[in-house]
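An overview of the molecular structure
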Amino acid sequence: MILFLAGCERGPQPDPGAAFHFVDVAAEAGLDRVVLAGRPGKDHLLDSAGTGAAWLDYDQDGWIDAYIVNGWKLDGDRVVERGRNALYRNRGDGTFEDVTDRAGVGGEGHWGGGVAVADYDADGFPDILVTNFGPNVLYRNRGDGTFENTAAEAGIESPGWNTGAAFLDADGDGDLDLYIATYIDQSTDEVLAAERTLDWKGVDKVAVGPFGLPGAVDKFFVNEGGGRYREATSEAGLDDLGEGFGFAVRAADLDRDGDQDIYVANDSDANYFYRNEGGGVFREVGLWSGTALDANGAAQAGMGVAIGDADNDGALDIVVTNFSEDFSTMYRGDGDGFFDDVSATSGVGKVTYPSLSWGALLADLDNDGDQDLVVANGHIYPQVDAHPEFELSYAQRNQLLENDGTGQFTDVTDLAGPGMAQVRSSRGLAAGDYDNDGDLDLLVTHLDEPPSLLRNDSPGGAWLEVVFDVPPEDGPIVGTEVTLRVGERTLIRDRSSGGSFLSVHDPRLHFGLGSADRIDLLEVRWPDGSRTELTDLPVNQSITVSK
Amino acid sequence: MHKLEWICRLAIVLLVCTAGVAVPAASDTATPPQLVETYDSLADTILAAKKTEWNLVHTILATTYGHAEGMAKAALAKLDRGADAGSEIEALAALVAQIGNEGDAGVAAIRKRLIEGGHHHHASGEQQGIYDPGFVIVTRDAKKQFLDSSKSIARMAKSPDSAALKSAWDKVAQEFKTLHEGAH
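Residues numbered from 1 in each chain as written. Chains lettered and ligands numbered in written order. Predicted model: local features only at pLDDT ≥ 70, side-chain atom pairs only at ≥ 80, totals over all residues. Heavy atoms only, no water.

A closer look at the overall build of chain A
Across its full length, chain A carries 8 helices and 43 strands. Across its three principal directions, the C-alpha atoms of chain A cover 65 × 55 × 50 Å. Across chain A, every contact between residues at least 6 apart in sequence was considered, and the portion connecting residues at least 24 apart equals 62%. Of the accessible surface of chain A, which amounts to about 17,700 Å², a share of 48% is contributed by carbon and sulfur atoms. (Helix = DSSP H or I, 4+ residues; strand = E, 2+ residues; numbered from the N terminus. Contact = heavy atoms within 4.5 Å. Areas by Shrake-Rupley, 256 points an atom, 1.4 Å probe, with all protein chains shown as cover.)

Focus: a negative patch on the surface
Residues Asp-185, Asp-189, Glu-190 and Glu-243 of chain A make up a contiguous surface patch of negative charge. You can see Glu-243 of chain A is positioned in the loop between β18 (228–231) and β19 (245–252). (Patch = residues over 30% accessible without salt bridge, like charges linked within 9 Å, V, L, I, M, F, W, Y side chains within 5 Å. Salt bridge = Lys/Arg side-chain N within 4 Å of Asp/Glu carboxyl O. Lys, Arg positive; Asp, Glu negative; His and termini not counted. Charge placed at Lys NZ, Arg CZ, Asp CG, Glu CD.)

Considering helix α6 (residues 140–155) of chain B
For α6 of chain B, built from 16 residues, the straight-helix expectation of 22 Å at 1.5 Å per residue is met to within 8% by its first-to-last C-alpha distance of 23 Å. Those residues of α6 of chain B lying buried are Ala-142, Lys-143, Phe-146, Leu-147, Ser-149, Ser-150, Lys-151, Ile-153 and Ala-154 of chain B. Check the buried side of α6 of chain B and you find it contacts α6 (286–289) and β26 (339–341) of chain A together with α3 (86–100) and α7 (162–183) of chain B. (Expected span 1.5 Å × (residues − 1). Buried < 20%, exposed > 50% of the residue type's maximum accessible area, 1.4 Å probe, protein only.)

So, helix α2 (residues 33–80) of chain B
Between the first and last C-alpha of α2 of chain B there are 70 Å, a value that for 48 residues agrees with the 70 Å anticipated at 1.5 Å per step. Two residues or fewer past α2 of chain B, Gly-82 of chain B is found with a positive phi of approximately 80 degrees.

Focus: the packing of α6 of chain B against α7 of chain B
All names here are of chain B. Direction vectors running N to C along α6 and α7 enclose 165 degrees, while the axes themselves pass 10 Å from each other. Classified by the angle between their axes, α6 and α7 sit roughly antiparallel to one another. Judged by the twist between their axes, the crossing of α6 over α7 is left-handed. From α6, Ala-142, Gln-145, Phe-146, Ser-149 and Ile-153 reach across to α7, where they touch Leu-165, Ala-168, Lys-171, Val-172, Glu-175, Phe-176 and Leu-179. (Axes fitted to C-alpha atoms, helices over the stretch in contact; angles between N-to-C directions. Parallel < 35°, antiparallel > 145°, perpendicular 65-115°, else oblique. Left-handed = near helix turned anticlockwise from the far one by under 90°.)

So, the nonpolar core
Among soluble globular proteins, nonpolar side chains are generally buried collectively. Among the nonpolar cores identified, the biggest contains 59 residues, and Leu-254 and Ile-318 of chain A together with Ile-89, Leu-92, Ile-153, Leu-165 and Trp-169 of chain B are the most heavily contacted of them. Looking at this core, the element that brings in the most residues is α2 of chain B, giving 10 residues. If near-sequence neighbours (up to four positions away) are discounted, Ile-89 of chain B is found in contact with Ala-75, Leu-79, Ile-153, Met-156, Ala-157, Pro-160 and Leu-165 of chain B. Residues Trp-72, Tyr-183, Trp-200 and Ala-207 of chain A belong to the second largest nonpolar core, which totals 31 residues. (Core = buried A, V, L, I, M, F, W, Y, C linked by side-chain atoms within 4.5 Å.)

Describing the sheet that holds strand β37 (residues 481–486) of chain A
All names here are of chain A. The 4 strands lie next to each other as β38-β37-β41-β42, forming an open sheet whose pairing is antiparallel. Strands with a single pairing partner mark the edges of an open sheet, and in this sheet they are β38 (489–494) and β42 (531–538). The average undirected angle you get between the axes of adjacent strands in this sheet is 20 degrees. Pairing between strand β41 (residues 518–525) and β42: 7 bridges, direction antiparallel. Considered in β42, the bridge of Leu-522 is made with Leu-534. (Pairing = 2+ DSSP bridges.)

Some words on the pairing of strand β4 (residues 65–68) of chain A
Residues and elements named next belong to chain A. Side-chain alternation along β4 places Asp-65 and Tyr-67 on one buried face and Ala-66 and Ile-68 on a second face that is also buried. Sheet topology note: the strand β3 (residues 53–56)/β4 ladder contains 4 bridges and is antiparallel. Bridging across to β4, Leu-56 finds its partner in Asp-65. Sheet topology note: the β4/strand β7 (residues 86–90) ladder contains 3 bridges and is antiparallel. Within the sheet, the bridge partner assigned to Ala-66 lies in β7 and is Tyr-88.

Considerations on the packing of α2 of chain B against α3 of chain B
All names here are of chain B. Put simply, α2 and α3 touch, their axes get as near as 9 Å, and they point 160 degrees apart. Looking at the two axes, α2 sits roughly antiparallel to α3. Crossing handedness for the pair α2 and α3: left-handed. On α3, the residues that touch Leu-61, Thr-64, Tyr-65, His-67, Ala-68, Met-71, Ala-72, Ala-74, Ala-75, Lys-78 and Leu-79 of α2 are Glu-88, Ile-89, Ala-91, Leu-92, Leu-95, Gln-98 and Ile-99.

Here's the deal with the pairing of strand β43 (residues 541–546) of chain A
Residue and element names in this part refer to chain A. Counting buried positions along β43 yields 5 of 6 residues, so the element is predominantly enclosed. Relative to β43, strand β36 (residues 462–469) is paired through 6 bridges, and the arrangement is parallel. Of the residues in β43, the one forming a bridge with Glu-465 is Ser-542.

Topic: unusual backbone geometry
Residue and element names in this part refer to chain A. With omega at 0 degrees, the peptide bond leading from Gly-209 into Pro-210 counts as cis. Inspection of the secondary structure puts Pro-210 in the loop between β16 (204–206) and β17 (219–225). Backbone geometry at Lys-201 places phi at a positive 55 degrees, although glycine is not the residue there. Backbone geometry places Leu-502, a non-glycine residue, at a positive phi of 60 degrees. Considering the arrangement of structural elements, one finds Leu-502 in the loop between β39 (497–498) and β40 (509–514).

Section: the environment of Gly-278 of chain A
All names here are of chain A. Here Gly-278 shows up in the loop between β21 (272–276) and β22 (282–284). In this structure Gly-278 comes out as partly exposed when scored by relative accessible area, which is 30%. Through-space distance from the C-alpha of Gly-278 to that of Gly-258 is 9.6 Å; in sequence the pair is 20 residues apart.

Description of the sheet that holds strand β20 (residues 261–267) of chain A
Either a parallel or an antiparallel arrangement is found when strands of a sheet pair, and the pairing is made through backbone hydrogen bonds. All names here are of chain A. Judged by pairing direction, the sheet is antiparallel, and its 5 strands sit side by side in the order β22-β21-β20-β19-β39 without closing on themselves. Of all strands in the sheet, those bounded by a partner on one side alone are β22 and β39. Summarising the sheet, β19 and β20 pair through 6 bridges and their orientation is antiparallel. Each bridged residue has a counterpart across the sheet, and for Val-249 the counterpart in β20 is Val-264.

Quick look at the interface of chain A and chain B
Of the residues lining the interface, 26 residues belong to chain A; the matching set on chain B comes to 22 residues. Roughly 1,900 Å² of surface becomes buried between chain A and chain B when both sides are summed, with 55% attributable to carbon and sulfur atoms. On the chain A side of the interface with chain B, the three residues burying the most area are Leu-287, Trp-288 and Phe-338 of chain A, jointly 30% of the side's total. Applying the counting criterion to the chain A and chain B interface returns 7 salt bridges. (Buried area = accessible area lost by both parts, 1.4 Å probe.)

Considering the confidence of the model for chain A
Detail in the predicted coordinates should be disregarded across regions flagged by low pLDDT. Per-chain confidence: chain A averages 95 in pLDDT, with 97% of residues scoring 70 or above. Low confidence marks residues 1–14 of chain A, where pLDDT is under 50. Its contacts with residues over four positions away, or in another chain, come to 35 contacts. (pLDDT = per-residue confidence, 0-100.)

Structure representation (structure tokens):
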């Protein structure tokens, strides 16, 4: 085990009394590439679907780097520009260097959607999966700062409208399998020829869909070793019978039985909860686990997913972001695989109702010992701006909801600094401590704009970040869970794959610890079920735990 | 092209052919009676299709209920023997959820296709909030009751109790009876 203290220098401090303070430093940090998003009028849903963002430490230097997926720019039925994904190397001084060309991770000219990161070939370096409208790209990290696209060789190109993805060891064999959600069965020609013909509230024409367009089916790929995958969707019990309009995917142990389950947010359809029955076989239990629909039994328009322990009861809870004029849904878990929709009573429902929400995050942003909620917002129809009578807007503010420690949330966006006051059409959202100061910063993608990097200057409490040092031959890190006991409190985090909206959070696990000065117990549950325990640890450190 | 569309087009073509090329009298502005007659027949077909849909969904529900009833008996019998009935109880929960959902995800996909094509079995009922879009028999209230019941039953899988399961199943049976009576 190796311990080291991280630097704790902070930027400008917020007003006294404010719990949160975020400042957008993307421009000065060098994150300047515009995310292209179809046509200005958003004539097709692909124009307004947006892209994801990822934090990863591709060069293993201890500073997380940023990866931003890009789309295309269209003019009518003409392709004006094929956007290039961007890899920004963290220099460790608050700025980033665009190393896309050197690394060879520009996206291969495809219209990008989501991103997932994992060491799929178990060589010790994180690889990048980019899900595309078109064939997927799998950038294998060579370990020398460069990547190669191995998607075809790996057998996961799977052309289509691919969206969310999650790596997980589904069958417990020590390698990473892969679930990829898909949205709508559409061709490039159909996207280019799209016209706005859907009547919106009787006052305007907007992009058609998703109803009226055929759903595409999600796919599951089992890792065969040697860098190759085989599609095993039916074999694994993961048939997308409902042809749901899939967006976000998150793997997590939702029923606390030690293996990874899969949760899929479907737009306009019931969400899926695929419970892992062991041996790589799943059973869809969404309807009777309480995770498919809202409390009234209605399907919502799922976009993004956040999973965490919102009420500090040791059980994972789920937040699903949804369409405008419908609330984001908080499903409170009982730790046994059952959930109740508590959107109305948790404070989440009412304040998220007007917004069209995408990226979702449960994380302790003020280091006070509970997980706050962030949702990234933005409408898909620019046309709404022409109709102020509906009190909607295309560009919207993202929202920060503060947790009072019991799972009750209050919208504190107004008090969270200029970074949270931005009004844009946001999509992807990824949390990561890019400046290694012990708090989580936010990377947010927007349509037709460069991303935001919201530096967290909140006056928070104590913290801990957990890094894993596991030789590749000892199995994957994805699926590892850490439990902290701090006085009377028990805090859990899992090393996830998937989640938010097509995005990837910091690979390190972050805990806010409030006024605590010691950690009584740190327990790691590795994916193979083995455990590591550390006791009586100091706070305010990044700790590396070996298996 | 759908069969119904073919029939309709064929009928129109035949009518046009049989009508000949005679120029109608200036005072004759009525829709040709043959077309009215064909439309009348087509209306019968359309309305009959809706009834057929109702019958089919009713059969799906009845079949699912029958399956659930058998599963409830199997689970209770196992519990009475002191055997593990977890699998049967979860299967029962899944079936009860399917009653609430008017079928499984495969049926839901068909329902979605019908809605996409503009077919709503209870358009006014949907607007009034009585039915979810595309649902034929199960009302929104009934759906919620069945889904709540399915979750209650599923929770029993890990720590089953015969009396509690019987009570939960009796509740489902009553809900289904109410649904069945209300559907006619």
